[in-house]
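Now for the letters of each chain:
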Amino acid sequence: MIRRTATHASLILVSAAVVALLAGCTQETPDAVTPTAVVPSPAASADQALAPSVVTPGDLDGTDVSVVIATSLVLAVPDGTEAEWTGTTDDVSIAEFSGGGPSEGAVFRPGFTARALGTTAATLTAPDGKTESFRISVVAP
């Protein structure tokens, strides 16, 4: 019985020693800086680009499309026809057509660039001559 108690006591001492050694392995740095999430300021957020609105030309006729200022309304046209689409707006200071096609090794889709808050009438003409009439409302983000 004494031998069993001694063995039990030895195990407890060894276990305590191992725990003490392992606890000593971790380094505590009292001057350590705890990382915090970086929250951008409103001014920094304003500098981030917003995604363009993408629409199929056939969905435009007779509609009013809202586009965030300083973004674009990009037209999802069939590949290979990007340069063949034309467009107009009644007020180019609000929104302006931007032609598509190849440039510097890339192919760009046609669309409308939202320049100022407001609403303007717009037209889009397909390669086959079909014209879609719609309105573009440029809105704040």
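In this report, we go over the structure that sits alongside the text. Every value quoted in this text rests on a predicted model; they were computed, and no experiment measured them.

What counts, and at which threshold
- Residues numbered from 1 in each chain as written.
- Predicted model: local features only at pLDDT ≥ 70, side-chain atom pairs only at ≥ 80, totals over all residues.
- Heavy atoms only, no water.
- Helix = DSSP H or I, 4+ residues; strand = E, 2+ residues; numbered from the N terminus.
- Buried < 20%, exposed > 50% of the residue type's maximum accessible area, 1.4 Å probe, protein only.
- Contact = heavy atoms within 4.5 Å.
- Pairing = 2+ DSSP bridges.
- Axes fitted to C-alpha atoms, helices over the stretch in contact; angles between N-to-C directions.
- Salt bridge = Lys/Arg side-chain N within 4 Å of Asp/Glu carboxyl O.
- Phe/Tyr/Trp six-rings, centres within 6.5 Å; stacked < 30°, edge-to-face > 60°.

### Focus: the overall build of the protein
Across its full length, the protein carries two helices and 10 strands. In the protein, the succession of helices and strands from N to C terminus is α-α-β-β-β-β-β-β-β-β-β-β. The buried share of the protein, taken over its 141 residues, is 22%. Restricting the contact set of the protein to residue pairs at least 6 apart, pairs at least 24 apart contribute 54%.

### Observations concerning unusual backbone geometry
Residues other than glycine predominantly adopt negative phi, and peptide bonds predominantly adopt the trans conformation. Backbone geometry places Ala70, a non-glycine residue, at a positive phi of 70°. Secondary-structure assignment places Ala70 in the loop between strand S2 (64-68) and strand S3 (72-75). With a phi close to 50°, Glu104 is a non-glycine residue in the positive phi region. Checked against the element boundaries, Glu104 lands in the loop between strand S6 (101-103) and strand S7 (106-108). Judged by its relative accessible area of 84%, Glu104 falls in the exposed class.

### Some words on the sheet that holds strand S4 (residues 86-89)
Pairing is mixed across the open sheet formed by four strands, whose spatial order is S2-S10-S9-S4. Looking at which strands have only one partner, the edges of the open sheet turn out to be S2 and S4. With direction set aside, neighbouring strand axes in the sheet form an average angle of 30°. Across four bridges, the pairing between S4 and strand S9 (residues 118-125) is antiparallel. Paired with Thr88 across the strands is Thr123, a residue of S9.

### Describing the pattern of salt bridges
Tallied over the entire structure, the rule returns four salt bridges. The closest approach of N and O atoms between Glu96 and Arg115, which form a salt bridge, is 3.0 Å. Of this pair, Glu96 sits in strand S5 (residues 95-98) while Arg115 sits in the loop between strand S8 (111-114) and S9, and the two are 19 residues apart along the sequence. Across the salt bridge formed by Lys130 and Glu132, the nearest N and O atoms sit 3.5 Å from each other. It is possible to trace a salt-bridge network through shared partners that takes in Asp79, Glu82 and Arg109.

### Examining the packing of aromatic side chains
Tallying each qualifying case throughout the model produces two aromatic pairs. Ring plane angle 70° and centroid distance 5.3 Å describe the contact between Phe97 and Phe112, whose orientation is recorded as edge-to-face. Here Phe97, found in strand S5, pairs with Phe112, found in strand S8; they are 15 residues apart in sequence, far enough to count as distant. Overall, the relative accessible area of 18% leaves Phe97 in the buried class. Summarising the aromatic geometry, the rings of Phe112 and Phe134 are spaced 5.6 Å apart at their centres and angled 85° between planes, so their arrangement reads as edge-to-face. Highlighted residues: Phe112 in strand S8 and Phe134 in strand S10 (residues 131-139), separated in sequence by 22 residues. Accessibility classification places Phe112 together with Phe134 in one group, the buried group.

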